[in-house]
Amino acid sequence: MGSRGATVVLSRANRIKAKLQSVLEATALEIDDVSYQHSGHAAVRETSEGETHFNVKIVSPKFEGQSLVKRHRLVYDALADELQSGLHALSIVAKSPQEAAAKK
């Protein structure tokens, strides 16, 4: 039995992960769905999709020499379509590989 015609629906967390790995060449990436902490908020009630709030920790060589604001812009730009389709909030920790190695 083949899976011809089957549609795979990825969760928003998986889509975020795939986009950030692809666009920002992430060497380390953690995505945590914290939507449950915001279940009473208006933005969550207005969407049928429960995945609205995420914590993102990302290490990317593209962050080297970039300000914190520029790093966040790169993340938001990579996720623009998600932000237009129900993603409400991100908490971002963005480090270069050198910064991540220094923390160990």
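Everything discussed here concerns the structure shown above.
Draft legend 1. Molecular detail of the pattern of salt bridges. The final tally for this structure, using the stated rule, is 6 salt bridges. For the salt bridge of arginine 12 with glutamate 82, the shortest nitrogen-to-oxygen distance reads 2.6 Å. Remark: glutamate 82 occurs in helix H4 (residues 80–84) and arginine 12 occurs in helix H1 (residues 12–24); sequence separation between them is 70 residues. Using a relative accessible area of 0% as the deciding quantity, one classes arginine 12 as buried. Overall, the relative accessible area of 3% leaves glutamate 82 in the buried class. Its salt-bridge partner being arginine 15, residue glutamate 82 comes within 2.8 Å of it at the nearest N-O pair. Of this pair, glutamate 82 sits in helix H4 while arginine 15 sits in helix H1; the two residues are 67 residues apart in sequence, bridging distant segments of the chain. The exposure class of arginine 15 is partly exposed, given its relative accessible area of 23%. One network of salt bridges, in which partners are shared, links Arg12, Arg15, Lys19, Asp81 and Glu82.

Draft legend 2. Quick peek at helix H3 (residues 68–78). Every buried residue of H3 is accounted for by Arg71, Val75 and Ala78. Buried residues of H3 fall within an arc of 65° about the axis and therefore sit on the same side. Away from its buried face by more than 90 degrees, H3 exposes Arg73 and Asp77. In this fold, the buried residues of H3 make contact with H1, strand E2 (53–59), H4, strand E3 (89–95) and helix H5 (97–102).

Draft legend 3. Broad picture of H1. For H1, with 13 residues, the first-to-last C-alpha span of 17 Å sits near the 18 Å given by 1.5 Å per residue. Buried within H1 we find Arg12, Ala13, Ile16, Lys19, Leu20 and Leu24. Projected onto a plane normal to the axis of H1, the buried residues spread over an arc of 130° and lie on a single side. Lining the buried residues of H1 we find strand E1 (28–33), E2, H3 and H4. At the C-terminal side of H1, glutamate 25 shows a positive phi close to 50°.

Draft legend 4. Structural detail: the pairing of E3. Going residue by residue along E3, you find Leu90, Ile92 and Ala94 tucked away on one face and Ala89, Ser91, Val93 and Lys95 left uncovered on the opposite face. Here E2 pairs with E3 via 7 bridges, running parallel. Across the sheet, residue asparagine 55 finds its bridge partner in E3, namely serine 91.

Cut-offs and rules
- Sequence order sets the numbering: in each chain, residues are counted from 1 along the sequence as written.
- Only residues with pLDDT of at least 70 are given local features in this predicted model, and only at 80 or more are side-chain atom pairs given and counted; all residues enter the totals for whole chains, interfaces and linings.
- Here the side-chain values reflect all heavy atoms present in the structure, with hydrogen atoms and water set aside.
- Any carboxyl oxygen of Asp or Glu that lies within 4 Å of a side-chain nitrogen of Lys or Arg is treated as forming a salt bridge with it.
- Secondary structure elements are taken from DSSP: a helix is a run of H or I of four residues or more, a strand is a run of E of two residues or more, and numbering for both begins at the N terminus.
- Remark: exposure states derive from per-residue accessible area (1.4 Å probe, protein chains only) relative to the maximum for the residue type, with buried under 20%, exposed over 50%, and partly exposed in between.
- The arc in question is formed by the directions pointing from the helix axis toward the C-beta atoms.
- Contact definition: two residues touch when any of their heavy atoms are within 4.5 Å.
- To estimate the expected span of a helix, subtract one from its residue number and multiply by 1.5 Å.
- Only strands joined by at least two bridges in the DSSP assignment are considered to pair.

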